[in-house]
Amino acid sequence: MTRYEPAIDVGALTALDVHVHIEVDHHGHSSLPDDLRDAAAAYFSTDGPNPDLDAVAAYYRERRMAAVVFTVDAETNLGQSPLSSADIAEGAARNNDVLIPFGSVDPLKPTAIDDARRLIEDHGVRGFKFHPTVQGFDPSDAAHSALYETLQEAGVVALFHTGQTGIGAGLPGGRGLLLGLSNPMLLDPVAARFPELQIIMAHPSVPWQDEALSVATHKHNTWIDLSGWSPKYFPESLVRAANTYLKSRVLFGSDFPLLTPDRWLRDAELPTASGAARFKSEALPGILKDNAVRLLGLGG
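**A few points about the layout of surface pockets**
In this approach the atoms are scanned with a rolling probe the size of a water molecule, which exposes any empty space left behind.
Part 1: Of the voids in this model, the second largest pocket is the one considered here, and its volume is about 230 Å³.
Part 2: In terms of lining, the second largest pocket is formed by 15 residues, of which the most central are Asp25, His26, Leu53, Asp87 and Arg94.
Part 3: Per-element tally for the lining of the second largest pocket: the top contributor is helix 4 (residues 85–94), with five residues.
Part 4: The residue inventory of the lining of the second largest pocket, partitioned by class, reads five nonpolar, four polar and six charged.

**Section: the environment of His220**
Part 1: By secondary structure assignment, the location of His220 is in the loop between helix 9 (209–218) and strand 7 (222–225).
Part 2: Separated by 70 residues in sequence, His220 and Asp290 have C-alpha atoms that sit 17 Å apart.
Part 3: Of note is the side chain of His220, whose polar atom sits 3.2 Å from the backbone oxygen of Thr217.

**Examining the pattern of salt bridges**
Part 1: If you walk through the whole model with that rule in mind, you get 13 salt bridges.
Part 2: We note a salt bridge from Arg94 to Asp54, for which the minimum N-O separation is 2.8 Å. Here Arg94, found in helix 4, pairs with Asp54, found in helix 2 (residues 53–62); they are 40 residues apart in sequence, far enough to count as distant.
Part 3: Taking the relative accessible area as the measure of exposure, Asp54 reaches 34% and is therefore partly exposed.
Part 4: Here Glu75 makes a salt bridge to Lys109, at a shortest N to O gap of 2.8 Å. With a gap of 34 residues between them, Glu75 in helix 3 (residues 75–78) and Lys109 in the loop between strand 3 (99–101) and helix 5 (112–123) connect regions that are remote in the sequence.
Part 5: Residue classification places Glu75 among the partly exposed positions, given a relative accessible area of 31%.
Part 6: Among the ionic contacts, a cluster of salt bridges with common partners joins Arg3, Glu5 and Arg126.

**Digging into the packing of aromatic side chains**
Part 1: All chains considered together, the criterion is met by eleven aromatic pairs.
Part 2: Seen from their ring centres, Tyr60 and Phe256 are 5.7 Å apart, and the 85 degrees between their planes marks the pair as edge-to-face. In this pair, Tyr60 sits in helix 2 while Phe256 sits in the loop between strand 8 (250–251) and helix 11 (261–268), placing the two residues 196 residues apart along the sequence.
Part 3: Residue classification places Tyr60 among the buried residues on the basis of a relative accessible area of 0%.

**Here we look at the pairing of strand 4 (residues 127–130)**
Part 1: With burial as the criterion, each face of strand 4 is covered, one bearing Gly127 and Lys129 and the other bearing Phe128 and Phe130.
Part 2: As paired elements, strand 4 and strand 5 (residues 157–161) share four bridges and run parallel to each other. Looking at the pairing, Phe128 lines up with Ala158 of strand 5.

**Details of the environment of Ala241**
Part 1: The residue Ala241 is located in helix 10 (residues 236–243) in this model.
Part 2: Separated by 42 residues in sequence, Ala241 and Ala283 have C-alpha atoms that sit 10 Å apart.

**Looking at the nonpolar core**
It is characteristic of soluble globular proteins that their nonpolar side chains tend to be buried jointly.
Part 1: Counting residues in hydrophobic clusters, the biggest one holds 84 residues, and the most contacted among them are Leu16, Phe128, Phe130, Leu151, Ile224, Leu226 and Trp264.
Part 2: With residues near it in sequence (within four places) discarded, Trp264 still touches Leu226, Trp229, Pro231, Phe234, Phe252, Gly253, Leu259, Phe279 and Leu288.
Part 3: Membership of the second largest hydrophobic core comes to eight residues, among which are Leu32, Val72, Val134 and Ile167.

**Description of the sheet that holds strand 4**
Part 1: Here five strands make up an open sheet; going across it, the order is 4-5-6-7-8 and the pairing parallel. Every other strand in the sheet has two partners, leaving strand 4 and strand 8 as the edge strands with one partner each.

**Quick look at the pairing of strand 6 (residues 199–202)**
In the case of a regular strand, side chains alternate between the two sheet surfaces.
Part 1: Of the two faces of strand 6, the one holding Ile199 and Met201 and the one holding Ile200 and Ala202 are both buried throughout.
Part 2: Pairing of strand 5 with strand 6, which is carried by four bridges, proceeds in the parallel orientation. Across the sheet, the residue bridging to Phe160 is Met201, located in strand 6.
Part 3: For the crossover that starts at strand 5, traverses helix 8 (residues 188–193) and ends in the parallel strand 6, the hand is right-handed.
Part 4: Both strand 6 and strand 7 contribute to a ladder of four bridges, which runs parallel. Bridge pairing in strand 7 links Ile199 to Thr222.
Part 5: Traced from strand 6 through helix 9 to strand 7, the parallel crossover comes out right-handed.

The rules behind the values
Residues numbered from 1 in each chain as written. Predicted model: local features only at pLDDT ≥ 70, side-chain atom pairs only at ≥ 80, totals over all residues. Heavy atoms only, no water. 1 Å grid on protein atoms, 1.4 Å probe; cavity = no way out; pocket = protein on both sides within 12 Å on 5 of 7 lines; lining within 4 Å. Points joined across faces, edges and corners; volume = space filled by probe spheres on them. Helix = DSSP H or I, 4+ residues; strand = E, 2+ residues; numbered from the N terminus. Nonpolar A, V, L, I, M, F, W, Y, C, P; charged D, E, K, R; others polar. Polar contact = N/O pair within 3.5 Å; in protein donor to acceptor, adjacent residues only side chain to side chain. Salt bridge = Lys/Arg side-chain N within 4 Å of Asp/Glu carboxyl O. Buried < 20%, exposed > 50% of the residue type's maximum accessible area, 1.4 Å probe, protein only. Phe/Tyr/Trp six-rings, centres within 6.5 Å; stacked < 30°, edge-to-face > 60°. Pairing = 2+ DSSP bridges. Core = buried A, V, L, I, M, F, W, Y, C linked by side-chain atoms within 4.5 Å. Contact = heavy atoms within 4.5 Å. Right-handed = clockwise from strand over helix to strand, strands pointing away.

In structure tokens, the structure reads:
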């Protein structure tokens, strides 16, 4: 077993993508049951390849980018055995010039805290990915406080899906998945109780964008990543915040392979309806790389 340690030449990077999914392992096992995987593919209008970790590393290396990689352990709620976060960390160690591993633990499992500690101490993960809707838990519930305390003490990042999700979309009853668990306002008490825990609110949080901006404005241990949507569809309020008062805590993310960094960057160059640049030149370096470098402690 090789413990992950980064070997990233930050100065050579064009960007750092903080939101990249590894959802199939080298055995072909998927983190999602077949019905959810097929429904998500239909929702996102994609049936393209779902690359394994080494292929993801090659893709980002070719673009002189680094990427945060993770899966989601939702075994309790979905009944599907998860991909191994330890294997993802091992793969990131093989590709430590471009990859940064986040772990995933199922908050509903009694082993969640021990699993998190093992991933941090033995495998060197730099953060954890949570998807409240898919994992079926309320992130504001005090029952999860000991888990958050563990992450805070270790100095690792907690990345939460926020807003609508395509997983379960179109299935009867959305397959029982609850969108409201991904309202970013549920992260406000987490940020309040654990002020040293750095929390990323992933995606434009539709339909709760204003709630996400409110939390980020009030709690400076929260960040927003811009993954999952083309920049040309970003709410105006989010673009304004990214260019001004939140420009030091907004992060580039793609949601690869569902949205590629190539598409994200191409669409980010499109002018707004008024003809103005979408992102100000003084904000863009922070969004694309510098903010994430600071958050992840990669700048030496």
